[in-house]
Every structure is written in C-alpha cells, then in structure tokens.
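The residues making up each chain are set out below.
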Amino acid sequence: QVQLVESGGGLVQAGGSLTLSCAASDSIFSFNAMGWYRQAPGKQRELVAVIYSSGNTDYADSVKGRFTISRDNTKNTMYLQMNSLEPEDTAVYYCNAKLFNSGRKRFENYWGQGSQVTVSS
C-alpha cells in the first residue's frame, strides 16, 4: 500500500510563496503520474497540476505561470512551488499518485492526507 505524506502548507499573504512536498513510501519512478489537487470550502476537488512519468507537465489555467510541479526520483518526493499566491488559492491541497494495476487493468489512485494553504488578502 503506497503512502503519501504531505508537508509545507501554511498561512501566507497574497503575493507570497509556498512550497508543498509529497513524500512517497515507494519509488515514485513507477508511478504513471503524480499530481496536486485542491478543494476549497463548498467546492469540488480540482486538479491543479500533474507530472507524468515522461516528465511532461500540465496545469490548470488558473495557476499557469505561477505554480511549478516537479519531482525528485532519488528522494521519492514531488513538489509544488507556488508563487504569486492569491486568496483564491486558499484550499486544502492533496497529492495524488496513479499506478496502473496490470492485474485489475485499471489505475489505482493514492492520496495524501491534505495540507491547508491559506492566502490572506
């Protein structure tokens, strides 16, 4: 069972920066994709950024140019560098890993515990 442990959330003023980390219990090299999702109060969880095993990345339009997703395979850790933060970025951020289960022929999803990010105006 893969475990994902997040760290790095907190309170920051608008325009500030934070870096979230997601440490995996297994080698992240085997994951098909890893990503960050967020959920604000009263809203659905949404995809923020994803990094594929190829190294390609994709971002939600609302964070393009401000957030950067990366990973360090040697540390089994994924990161989300968040710059120019806005109050609208306030949410609980969750890391996610997708691993294809060849026996079940489907992707298995693993989630971190969530990390609160609060941006004050």
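Everything here concerns the structure above.
Only a predicted model underlies this, so the values are computations on that prediction, with no experimental measurement involved. (Residues numbered from 1 in each chain as written. Predicted model: local features only at pLDDT ≥ 70, side-chain atom pairs only at ≥ 80, totals over all residues. Heavy atoms only, no water.)

Chemist: Honestly, the state of the cysteines in this entry has me stumped. Any pointers?
Modeler: Here, the word disulfide means a covalent bond between the sulfur atoms of two cysteines. Scanning the entire structure with this criterion turns up one disulfide. Across the disulfide, Cys22 is cross-linked to Cys95 (sulfur-sulfur distance 2.3 Å). Of note, the bridge from Cys22 to Cys95 carries an S-S torsion of about 55° and is right-handed in sense. Of this pair, Cys22 sits in strand E3 (residues 18-24) while Cys95 is found in strand E9 (residues 91-101), placing the two residues 73 residues apart along the sequence. On the accessibility criterion, Cys22 (0% relative accessible area) is buried. Note on Cys95: relative accessible area 0%, which makes it buried. (Disulfide = S-S within 2.5 Å. Helix = DSSP H or I, 4+ residues; strand = E, 2+ residues; numbered from the N terminus. Buried < 20%, exposed > 50% of the residue type's maximum accessible area, 1.4 Å probe, protein only.)

Chemist: When you look at the packing of aromatic side chains in this model, what are you seeing that I'm missing?
Modeler: Using the criterion set out here, one finds two aromatic pairs in the structure. When the centroid spacing of 5.0 Å and the interplanar angle of 65° are considered together, the rings of Tyr37 and Trp111 count as edge-to-face. Of this pair, Tyr37 sits in strand E4 (residues 33-39) while Trp111 sits in strand E10 (residues 106-111), and the two are 74 residues apart along the sequence. What makes Trp111 partly exposed here is its relative accessible area of 35%. Here Phe100 and Phe107 contribute two aromatic rings whose centre-to-centre distance is 5.2 Å and whose plane-to-plane angle is 65°, an arrangement assigned as edge-to-face. Residue Phe100 is classed as partly exposed on the basis of its relative accessible area, which comes to 39%. On the basis of relative accessible area, Phe107 is assigned to the partly exposed category, the value being 46%. Sitting above the plane of the Tyr94 ring, Arg45 keeps its charged end 3.8 Å from the centroid. We note Arg45 situated over the ring of Trp111; from NZ or CZ to the ring centre the distance is 4.7 Å. (Phe/Tyr/Trp six-rings, centres within 6.5 Å; stacked < 30°, edge-to-face > 60°. Lys NZ or Arg CZ within 6 Å of the ring centre and 35° of its normal.)

Chemist: Which parts of the structure should I look at to understand the environment of Gly8?
Modeler: Among the secondary structure elements, Gly8 is positioned in the loop between strand E1 (4-7) and strand E2 (10-13). With relative accessibility at 35%, the residue Gly8 sits in the partly exposed group. For the pair Gly8 and Ala60, spaced 52 residues apart in sequence, the C-alpha separation works out to 21 Å. In contact with Gly8, not counting residues within four places along its chain, are Leu18, Thr19, Leu20 and Ser115. (Contact = heavy atoms within 4.5 Å.)

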